[in-house]
Each structure stands twice: as C-alpha cells, then as structure tokens.
Amino acid sequence: MRILLYESELYLKQGKSRQAIKTLKQTWVQASIIDNSVDLIAKVAQSLAAAFQSVGDDKKALEYLDKALQKTTGFWATILKITQAYAAIGFGDFCLAQSNLLDTQEASEANQTVKTYHLITDGNFAVVCKKFGHASQQFKTAIQAADKVDNKLYQLQSRAWASATHIAIGNLDQARAALMPLAHLELAPPEEALLKLRQGVLHMAMNDHAAARVALEHAVSHFSTLEHKRELGWSMLRLAELHLESGDTTLANHTLERVSDVANEVGGTAFLVSELNLMGHEAVTKLSEVASAYAMHSLAPTLEPGRLVSIPLDSRPLVRRLRTLVTRMPCRRRLALTTASPPARISPRISLPFLSLPSHSKIDSFAALLGSAAVAMGCGGLEEKGLKGESAPAAA
C-alpha cells in the first residue's frame, strides 16, 4: 500500500492526476479494509483530495475527506480540515471553509509546515471574500514560513498568490518582488504553469502585452494538457482579459466561452470566484459587454453572486452540443479529428486538443458535422467515461 501511495505521489508531481486518482483509489480500499491504519487512511485521503482538486472535482474531494475525518483526530485531523476548507472554497461552501479555518487556526501553530498550509488557504479564502489587505498579510507570513521549512511547493504557492494580490491592490513592485525568487527553482510541469500564469498577469498589469500573451498561452496549454481545470479556467479568464485589452473582442468572447465549458465540466462556477475577484469588477464588467449569453456563465460569480451552480448542457449552443455527442463516441479521436476542420485556436500561438475546443471552432459545414456524428454512431454505443507526504499537503 505504501508503494502505491509513493507511486501516486510521483504521478501528482508530474501532473498526471488521473493516474494518481486511479492508484489512490486502490490504496484507499486496501487501507480501509485490510490495514485500517488511521495515519495511512489520512495520507491517502489527503492525496486523493489533492488529485481530485487538481482536475476540478472538489465535490469528490470533500467526500473522501469526510470519510477520513470520521476516523482521524489530532495532527491529521488538522491537515484534513484545512484541505477540506480549500475544497469547500472551490465547491462554493464558504461557510464550511470559514468554520474549518477558524477551528484549525490554533492547532496549526504547533507545526510550521501545517501553519504555512493554513496561512495559504486562509489567504485564498480572504481573496474570495475580497479582503485583499488580510490576504496580502497572510501570504506575506506564509512566504516567511515556507522559507523556514524550505518547502518548494509552499514557496511557489505563497509567492504566486502574494503576487496576484499585490497586483489587485496596485502594488506592482511588490508583485514583481514576490515572483523573482521563483525563477531559480526547479519546478514540475504544474508548478511551472502556475508561475507562468502569475507572470503573465504581472506582464499584463505592466502593459507588456506581448510577454503576457506568451506566458498566459504557456499556462493555458500546459493546464489543458494536464487537465488541471481549476487553473485552466483561471488562465483563460486572464487570457480573455488580455484579448479584450488588445482590442480583440471576438477572441475575448470565444475564450470566455471555453471557460464556461470548463465550468460545465467541473459542475459549477465557484472555483472562478478568487480569480474574478483578483481581476476586479471593472475588468469583469468590460468583459461582460462583449460576452455571449453562454460566455456570461464564466462571469456569473461576480455579476450574479448567487449563481454558483452548474451550467446545464442544454444551455450550450447547438453546435457545441453536437460536438460533445461526436467526441463521446468510441472512435471519436479518429473520426472527429479527420471529419471536422483543424482545431480552433484560442490565440495565434496556441492550439488545444479537440476535446478542449472553444465554441468558435470552424466546422467546414453544418452538414459535415452532422455526418461525422452519424458515422460515429455507427461505431457503437456511447463510451462510459468514467498527503503528498505529511510535510507538504497541496494547498492550491
């Protein structure tokens, strides 16, 4: 079981979350039935939560955390409750997030690593509540704590969030200073993509649109490949903002529609709240002026705070629904990629896989798409889709 746990941790570091989930589920069954070790169950639950959160499934993360917390007390209960708070933020249960952060505040002081984890999560919650002053202070303290324990993951997360918060309140020099030490770190693919996202936002704030485009396209491409839907949504929100600032309203709208696609896959828009708050109401309002009805889903948390709900598939445009039908067939890759037109582009330098196409994809003709669906149906029925260590639970 411990070998499986170690293997899953390697998958997570490489950004292979789906493989990590598969391995961790096997470990969970063995730990619960055969071993029944409280520490092992807690570690598996922590890693499972991190894996599910990386693919945007906060609901499933909360389910496993609830089960583990029924058997856990003390040190591990503190860690799992902090993780539960972060998952609750992504799921939109802000009351649970606040309650858990308050409950674990005192206990987290006993361990420097757990304290750092709590500070980062609490800062994230402060961003959701638009308390940028408190968030900035929490991230500043988290940076100092992460440096003390020499934890690379927490150094990245605390500095990335600190930079984004400084930009939101207009402190560009501090935002740049927060990111500078990260340039010398050797980062895994998901970590590098997160750094590129924050560098892109900084470049955009400094009106260097060319550098911002390169960084944000890098983030979108990598998060799409890694299936990190939460960060993919954040990156594309920023890319849409950049397109609008560059005067390309059509591309801005198309990118927002792709964010709505991600929200539909995740099951809600709550995970977008923090990034929308960091962007600011003015930027979101400007995007809403060029957004289609479907693209408006991605901006709903700011414009309609009560609508942190899933987006029905029926709300998608007809062509988008047909594409979904085609790509769910057993022979979807071979047929879809040959019958339909080449992958659409979110921007001049980036192409996403067919399954991640934005709504502005050019289909050679409506009849051609219907034809590809008919051929795909002939291939068969629909396919059934189916603690990174005690020292460093994942915070974001």
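Residues numbered from 1 in each chain as written. Predicted model: local features only at pLDDT ≥ 70, side-chain atom pairs only at ≥ 80, totals over all residues. Heavy atoms only, no water.

Trainee: Is there a simple way to think about the overall build of the protein in this case?
Mentor: Helix and strand content of the protein: 20 helices and 2 strands. Out of the 396 residues belonging to the protein, those deemed buried represent 55%. (Helix = DSSP H or I, 4+ residues; strand = E, 2+ residues; numbered from the N terminus. Buried < 20%, exposed > 50% of the residue type's maximum accessible area, 1.4 Å probe, protein only.)

Trainee: Where do I start with the nonpolar core in this structure?
Mentor: Inside soluble globular proteins, nonpolar side chains tend to come together where they are buried. Counting 90 residues, the largest nonpolar core has Trp28, Leu237, Leu256, Leu287 and Leu299 as the members making the most contacts within it. Broken down by element, the residue count for this core peaks at 9 residues, all from helix H3 (residues 38–54). In this structure, Leu287 is in contact with Ala240, Glu241, Leu244, Ala252, Leu256, Met279 and Leu299, ignoring residues within four places of it in sequence. Counting residues in hydrophobic clusters, the runner-up holds 8 residues, among them Ala88, Ile89, Phe125 and Val128. (Core = buried A, V, L, I, M, F, W, Y, C linked by side-chain atoms within 4.5 Å. Contact = heavy atoms within 4.5 Å.)

Trainee: Please clarify how the pattern of salt bridges should be interpreted in this entry.
Mentor: Pairing of side chains with opposite charge becomes possible as their charged atoms draw close. Per the counting criterion, the structure on display carries 13 salt bridges. Between Asp58 and Arg230 there is a salt bridge, with its nearest N and O atoms 2.7 Å apart. Of the two residues, Asp58 is situated in helix H4 (residues 58–69) and Arg230 in helix H13 (residues 229–245); the sequence distance between them amounts to 172 residues. In this structure, Asp58 and Arg230 share a single accessibility class: buried. Two residues, Arg176 and Asp173, come together in a salt bridge whose shortest N-O distance is 2.8 Å. On the criterion of helical spacing, the pair formed by Arg176 and Asp173 is a turn pair, its members being 3 residues apart in helix H10 (residues 172–179). By sharing partners, the salt bridges in this structure join Arg198, Arg238, Glu241 and Glu275 into a single network. (Salt bridge = Lys/Arg side-chain N within 4 Å of Asp/Glu carboxyl O.)

Trainee: What is the right way to read the packing of helix H5 (residues 74–91) against helix H7 (residues 112–128) from this model?
Mentor: For any two helices packed against each other, one specifies the inter-axial angle together with the distance between the axes. Viewed as axis vectors pointing N to C, H5 and H7 meet at an angle of 20 degrees, and their least axial separation amounts to 10 Å. In terms of axis orientation, H5 runs roughly parallel to H7. Note on packing geometry: the crossing formed by H5 with H7 is left-handed. Two secondary-structure elements touch here, H5 through Phe75, Thr78, Ile79, Ile82, Thr83, Ala85, Tyr86 and Ile89 and H7 through Val114, Tyr117, His118, Thr121, Asn124, Phe125 and Val128. In terms of residue class, the contact of H5 with H7 is built from 10 nonpolar, 5 polar and no charged. (Axes fitted to C-alpha atoms, helices over the stretch in contact; angles between N-to-C directions. Parallel < 35°, antiparallel > 145°, perpendicular 65-115°, else oblique. Left-handed = near helix turned anticlockwise from the far one by under 90°. Nonpolar A, V, L, I, M, F, W, Y, C, P; charged D, E, K, R; others polar.)

Trainee: It is not clear to me how H7 should be interpreted in this structure. Could you clarify?
Mentor: Between its terminal C-alpha atoms H7 stretches 25 Å, which fits the 24 Å expected from 17 residues at 1.5 Å a residue. The element H7 is extensively covered by neighbouring structure, given that 16 of its 17 residues are classed as buried. For H7, the side-chain oxygen to backbone nitrogen distance between the N-cap and Thr113 is 2.9 Å, and the N-cap itself is Asn111. With its phi angle positive at about 65 degrees, Lys130 sits one or two positions after the end of H7. (Expected span 1.5 Å × (residues − 1). Polar contact = N/O pair within 3.5 Å; in protein donor to acceptor, adjacent residues only side chain to side chain.)

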